[in-house]
Amino acid sequence: MAESIPQLVVDRTSPVPLYFQVAQHLEQLIESGVYPPGTRLDNEILLADQLGLSRPTMRRAIEYLVDRGLLVRKRGVGTQVVQPKVRRPVELSSLFDDLRAAGREPHTEVLSFEIQAPPEAVAEKLGVPPDTEVYVIERLRYTGDEPLSIMHNYIPTTLLPLSREALAEQGLYDLIRAAGIGLTIATQTIGGRAARAAEARLLDEKPGAPLLTMNRIAYDEAGRAVEYGSHIYRASRYTFELTLTTG
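Residues numbered from 1 in each chain as written. Predicted model: local features only at pLDDT ≥ 70, side-chain atom pairs only at ≥ 80, totals over all residues. Heavy atoms only, no water.

(A) Quick peek at the confidence of the model for the chain. Overall, the predicted model of the chain reaches an average pLDDT of 84, with 84% of residues at or above 70. Looking at the elements of the chain, mean pLDDT is at its lowest for helix α4 (residues 95–101), recorded as 63, and at its highest for helix α8 (residues 197–203), recorded as 96. For residues 85–91, every residue scores under 50 in pLDDT, and the model assigns this stretch 12 contacts once sequence neighbours within four places are set aside. (pLDDT = per-residue confidence, 0-100. Helix = DSSP H or I, 4+ residues; strand = E, 2+ residues; numbered from the N terminus. Contact = heavy atoms within 4.5 Å.)

(B) Local environment of the sheet that holds strand β6 (residues 183–194). Strand order across the open sheet formed by six strands is β3-β4-β5-β8-β7-β6, with antiparallel pairing between neighbours. Two strands lie at the open edges of the sheet, namely β3 (106–116) and β6, each paired on one side alone. Strand-to-strand twist in this sheet, taken as the mean axis angle between neighbours without regard to direction, amounts to 15 degrees. Of the strand pairs in this sheet, β6 and strand β7 (residues 210–220) are connected by 11 bridges, and their pairing is antiparallel. Looking across to β7, one finds that Ile-190 is bridged to Met-214. (Pairing = 2+ DSSP bridges. Axes fitted to C-alpha atoms, helices over the stretch in contact; angles between N-to-C directions.)

(C) Region of the structure containing the side chain of Glu-205. Residue position: Glu-205 is located in the loop between α8 and β7. A distance of 2.9 Å separates a polar atom in the side chain of Glu-205 from a polar atom in the side chain of Arg-234. Not counting chain neighbours up to four residues away, the residues in contact with Glu-205 comprise Ala-200, Arg-234 and Ser-236. (Polar contact = N/O pair within 3.5 Å; in protein donor to acceptor, adjacent residues only side chain to side chain.)

(D) Quick look at the packing of helix α2 (residues 44–51) against helix α3 (residues 55–67). Between α2 and α3, the least distance of the axes is 9 Å, while the angle of their chain directions is 115 degrees. Between α2 and α3, the angle is such that the two are roughly perpendicular. The hand of the α2/α3 crossing is right-handed. Counting all contacts with α2, which are made through Glu-44, Ile-45, Leu-47, Ala-48 and Leu-51, the residues of α3 involved are Arg-55, Met-58, Arg-59 and Ile-62. Its residues placed into classes, the contact of α2 with α3 shows six nonpolar, no polar and three charged. (Parallel < 35°, antiparallel > 145°, perpendicular 65-115°, else oblique. Left-handed = near helix turned anticlockwise from the far one by under 90°. Nonpolar A, V, L, I, M, F, W, Y, C, P; charged D, E, K, R; others polar.)

(E) Highlighting unusual backbone geometry. Despite not being glycine, Asp-204 has its phi angle at roughly 60 degrees, a positive value. Relative to the assigned elements, Asp-204 resides in the loop between α8 and β7.

(F) Region of interest: α2. Glu-44, Leu-47, Ala-48 and Leu-51 are the residues of α2 that are buried. Across the axial projection of α2, the buried residues extend over an arc of 100 degrees, all falling on one side. Here the buried face of α2 lies against α1 (18–31), α3 and β1 (71–74). Between the side-chain oxygen of the N-cap and the backbone nitrogen of Ile-45 there are 3.1 Å, and the N-cap of α2 in question is Asn-43. (Buried < 20%, exposed > 50% of the residue type's maximum accessible area, 1.4 Å probe, protein only. Arc of directions from axis to C-beta.)

(G) The packing of aromatic side chains, seen in detail. In the structure shown here, the tally under the stated rule is seven aromatic pairs. For the ring pair Tyr-19 and Tyr-64, a centre distance of 6.4 Å and an interplane angle of 70 degrees mean the geometry is edge-to-face. Pair noted here: Tyr-19 is in helix α1 and Tyr-64 is in helix α3, with a separation of 45 residues, a long-range link. Accessibility expressed as a relative area gives 4% for Tyr-64, which makes it buried. An aromatic cluster is present here, built from Tyr-19, Phe-20, Tyr-64 and Tyr-219 joined pairwise through their rings. (Phe/Tyr/Trp six-rings, centres within 6.5 Å; stacked < 30°, edge-to-face > 60°.)

Structure (structure tokens):
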């Protein structure tokens, strides 16, 4: 039997987006065991009607939890709770921060800097209308004289002023923090693939060389998506390190 969402009254006067209120409530139900693995939720239309929300708002709440690995969509079955993935305490930092903290002075080449409407998939991840103007940035990050990463970032222009010159001198997260925006949480996916020819040239690798990939959506205190990043790293020069704890 499919489940509705009990005991939730959304606060329409809150600065926290409605989808984020719903997602947080659902996450609490899942992690507390009220919704154990295998629980099937009502479809998005029924859930949206129950809460008095639009279907896009409900869909975005569900997608947020799918991205976090708490829900899964199955054809012919619907949306189900899954066994939560093991989550590790990873610091919300940028590559610039990481290199600087390690004593390896970063250097950045801004390959492109434009203001335009984002691709539909990116607009959805940022939670903005498709015609919203965003900064579209591509950078090549070095450690010393050695290329390490190609970074693509999308940031709504209404959040802060950015320039090619500032991005060449400072890390993106430094600029975001300087604008008074506090990044508190992010969803991040790490994977791998082979280098394409153009990427291999920029990274001083051979075509087909292994690359690490990282996609991240960073949120501020109000649950607003501030930045979407899609980055690739040379697997021969870079690893992601997680600190594991018991509990």
